[in-house]
Amino acid sequence: MAHLRSRRLRALALPAGLALTASLGILPGASASAAPQVSPVAADGPNLAYVVNTKADHRTISSVKQAISRAGGTVVIAYEKIGVIVVHSANPEFGQQIRAVRGVQSAGATRTTPLTSAATTDEGSPEYISAAAAKATTSAASGVEPLESNQWDLRAIGADKAAKINPGSSKVTVGVIDTGVDDTHPDLAANFSASQSANCVGGVADTSPGAWRPYNPAEDYHGTHVAGEIAAARNGIGVAGVAPGVKVAAIKVSDPVNGLFYPENVVCAFVFAADKGIEVTNNSYYVDPWLYNCVSDPDQKAIYDAVNRASLYAQSKGTLNVASAGNSNDDLDSDALIDDSSPDDSTAVTRTVDPHQCFDVPTQLPGVVTVAATGVQNVKSYYSSYGKGVIDVTAPGGDKYQIPDTPDKNGRILATLPGNTYGYLQGTSMASPHVAAVAALLKSAHPWAGPVALQALLKAEADNPGCPDQVYDATGQLIDATTCKGGKRVNGYNGYGIVDALDAVKK
């Protein structure tokens with residue numbers, strides 16, 4: 001993939017009292033001022049995309065739409081139920097002008113470069129397995145998939161045993177918000193939900209057949225791998241997913257030119273998932289172009305606000321959102337972090353950010369389950385970010401230095417790839433879908449459970465090994481695990497613990 005970067009931060013929920021129906025997550029200081037008129041401005045700047053966040057009522061939105069037009073903007077789509085309007089404009093003063101309009105609560109550009117006609121959290125490129133190994137169906141024992149002997153991650157969380165008790169309900173769907181999914185893969189086809197899939201690139205859902213598939217399968221493999229980890233069928237072919245009985249849907253959000261996950265695409269994805277009744281979403285990415293969205297900056301505040309409104313809307317409709325914590329091995333509970341990768345769609349600048357004022361989206365949004373990664377030794381993966389009070393739960397994400405006793409002796413995660421292939425990846429991108437799948441098993445066992453209850457159940461069934469004595473660093477050397485804070489019940493490496501699929505279906 002063209003832009004593989006790490007995510008570094010997850011910290012804070014909104015202050016108490018900020019509710020979906022009140023302000024839809026607007027941060028303090030985001031009140032609008034009155035300015036009834038906006039003078040037309042010539043389109044003499046770069047054509048950028050914006051999100052304009054308003055009160056969620058038809059009269060306000062209608063008035064703001066008129067102001068958008070007068071300011072030289074074109075409405076792409078208005079999500080009236082959450083008060084988010086996606087706009088294109090070549091007016092270089094559009095943001096400043098529209099923020100002064102009555103009813104506008106925040107507004108800003110979602111990119112720093114002009115519109116053209118992905119930032120995921122896997123670590124490194126995929127390692128493909130041989131075609132001969134992928135076709136070795138005769139080597140599989142009864143009830144075991146041909147490549148399952150290399151899936152140490154299933155055994156690590158009891159998913160192989162859980163599948164014999166409850167593989168998950170076909171009434172439960174996990175939405176893979178990602179680079180698209182190859183639904184023609186024989187390990188995914190039976191469990192794929194086309195009616196709940198779409199292409200959200202540009203901020204408007206396209207549900208035409210196949211629109212959800214990867215633009216370039218050779219580069220956009222990420223979503224297909226994630227989908228296989230969740231729900232690859234137990235059908236005597238290839239691998240098995242953690243929840244092989246549930247459905248997966250694909251909501252494609254990565255830009256076809258640069259692979260980035262722009263805010264308007266993710267807003268569309270969360271709203272679409274909610275309206276289609278998707279119970280769980282997996283989010284193994286951060287919203288571009290800013291790794292951290294600082295509320296002191298009007299553009300970044302608007303991005304936070306827009307995506308948060310969509311995430312809160314999804315939660316209000318019964319959707320649990322699960323996200324990966326990032327691969328920079330950062331303490332996400334620190335006082336300050338260095339961001340030298342933003343904006344990632346133009347020229348990045350180095351800045352020091354306060355994790356209590358600058359937010360990683362969607363990981364940092366309230367109600368989102370934040371996931372760190374472990375290897376086969378049940379120890380934090382060398383790349384995984386961590387932080388007491390930040391990480392909710394942990395799951396296998398792979399670690400090339402923690403070597404399993406498997407035929408391939410590969411410490412990464414084996415799953416599906418486009419074009420009827422299979423391969424290994426590692427990253428918190430791989431940990432998050434394990435948690436999303438366990439959440440789907442919990443939903444299957446407890447159909448009454450909403451997002452809050454599911455998150456509580458995830459934490460209750462997790463097994464916490466406590467802080468280890470040593471961990472691997474990026475060079476493969478063992479070092480003292482002095483950065484792990486907390487005790488056996490909750491700590492900065494594991495949160496409440498490593499998820500347990502077997503407990504999820506038994507308890």
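Quantities reported herein were computed from a predicted structural model and do not represent experimental measurements. (Residues numbered from 1 in each chain as written. Predicted model: local features only at pLDDT ≥ 70, side-chain atom pairs only at ≥ 80, totals over all residues. Heavy atoms only, no water.)

**Q** Please explain helix α8 (residues 298–316) as it appears in this structure.
**A** Along an α-helix, residues three or four positions apart point the same way, because every turn accommodates 3.6 residues. A rise of 1.5 Å per residue sets the reference length of α8, with its 19 residues, at 27 Å; its end C-alpha atoms lie 27 Å apart and thus fit the reference within 8%. Counting buried residues along α8, 16 of its 19 residues qualify, which places the element largely inside the surrounding structure. Of the residues that open α8, the one with a side-chain oxygen 3.0 Å from the backbone nitrogen of D299 is D297. Just beyond α8, the residue with positive phi is G318, at close to 100 degrees. (Helix = DSSP H or I, 4+ residues; strand = E, 2+ residues; numbered from the N terminus. Expected span 1.5 Å × (residues − 1). Buried < 20%, exposed > 50% of the residue type's maximum accessible area, 1.4 Å probe, protein only. Polar contact = N/O pair within 3.5 Å; in protein donor to acceptor, adjacent residues only side chain to side chain.)

**Q** Help me out: how do you make sense of the state of the cysteines in this one?
**A** Joining two cysteines, a disulfide is a covalent bond between their sulfur atoms. In the structure shown here, the tally under the stated rule is three disulfides. C467 shares a disulfide with C484; S-S distance 2.1 Å. Residues C467 and C484 are joined through a disulfide that is left-handed, its torsion about the S-S bond being -70 degrees. Of this pair, C467 sits in the loop between α10 (451–461) and β19 (470–472) while C484 sits in the loop between β20 (478–480) and α11 (501–506), placing them 17 residues apart in sequence. Given a relative accessible area of 10%, C484 falls into the buried group. Disulfide connectivity for the protein chain, with bonded cysteines indexed by sequence position, reads 1-2, 3-4, 5-6. (Disulfide = S-S within 2.5 Å.)

**Q** Honestly, the sheet that holds strand β2 (residues 73–79) in this entry has me stumped. Any pointers?
**A** Strands belonging to one sheet form pairs held by backbone hydrogen bonds; the direction of such a pair is parallel or antiparallel. An order of β2-β3-β1-β4 is seen for the four strands of this open sheet, with the pairing classed as antiparallel. Strand pairing shows two members of the sheet lacking a second neighbour, β2 and β4 (104–109), which therefore form its edges. Taken pair by pair, the neighbouring strands of this sheet meet at an average axis angle of 20 degrees, ignoring direction. Pairing of strand β1 (residues 48–54) with strand β3 (residues 84–89) involves six bridges; the strand directions are antiparallel. Bridging from a neighbouring strand, V51 pairs with V86 of β3. Where helix α1 (residues 58–70) meets the sheet, its contacts fall on β1, β2, β3 and β4, and the angle it forms with β2 comes to roughly 160 degrees. Against the sheet, helix α7 (residues 263–275) engages β1, β2 and β3, with an angle of about 25 degrees to β2. (Pairing = 2+ DSSP bridges. Axes fitted to C-alpha atoms, helices over the stretch in contact; angles between N-to-C directions. Contact = heavy atoms within 4.5 Å.)

**Q** Explain the packing of helix α6 (residues 222–231) against helix α9 (residues 428–445) to me, please; I cannot follow it from the model alone.
**A** A pair of packed helices is characterised by two quantities: the angle between their axes and the separation of those axes. Following both chains from N to C, one finds α6 and α9 inclined at 40 degrees, their axes separated by 8 Å at the closest point. As the angle between them shows, α6 and α9 are arranged oblique. At the point where α6 passes α9, the crossing takes the right-handed sense. In contact with H222, H225, V226, E229 and I230 of α6, α9 contributes S429, M430, P433, H434 and A437. (Parallel < 35°, antiparallel > 145°, perpendicular 65-115°, else oblique. Left-handed = near helix turned anticlockwise from the far one by under 90°.)

**Q** Is there a simple way to explain the pairing of strand β9 (residues 280–283) in this structure?
**A** A regular strand places its side chains so that they alternate between the two faces of the sheet. Neither face of β9 is left uncovered, since the one carrying V280 and N282 and the one carrying T281 and N283 both have all their residues buried. Both strand β6 (residues 173–178) and β9 contribute to a ladder of four bridges, which runs parallel. Looking at β9, one finds that I177 is bridged to N283. One ladder, built from four bridges, connects β9 with strand β11 (residues 320–324); its direction is parallel. The residue of β11 that forms the bridge with N282 is V322.

**Q** Would you take a moment to explain the pairing of strand β13 (residues 349–353) for this structure?
**A** Taken together, the four bridges between strand β12 (residues 337–342) and β13 define a ladder with antiparallel strand orientation. Bridge pairing in β13 places S342 opposite V349. Joining the antiparallel neighbours β12 and β13 is a turn of six residues.

**Q** Which parts of the structure should I look at to understand α6?
**A** Within α6, 10 of the 10 residues are buried, leaving the element largely enclosed by the surrounding structure. Considered for burial, the residues of α6 that qualify are H222, G223, T224, H225, V226, A227, G228, E229, I230 and A231. The inward-facing, buried residues of α6 contact β6, β8 (247–252), β9, β17 (413–417), β18 (421–425) and α9.

On their own, these measurements won't tell you what the molecule is for.
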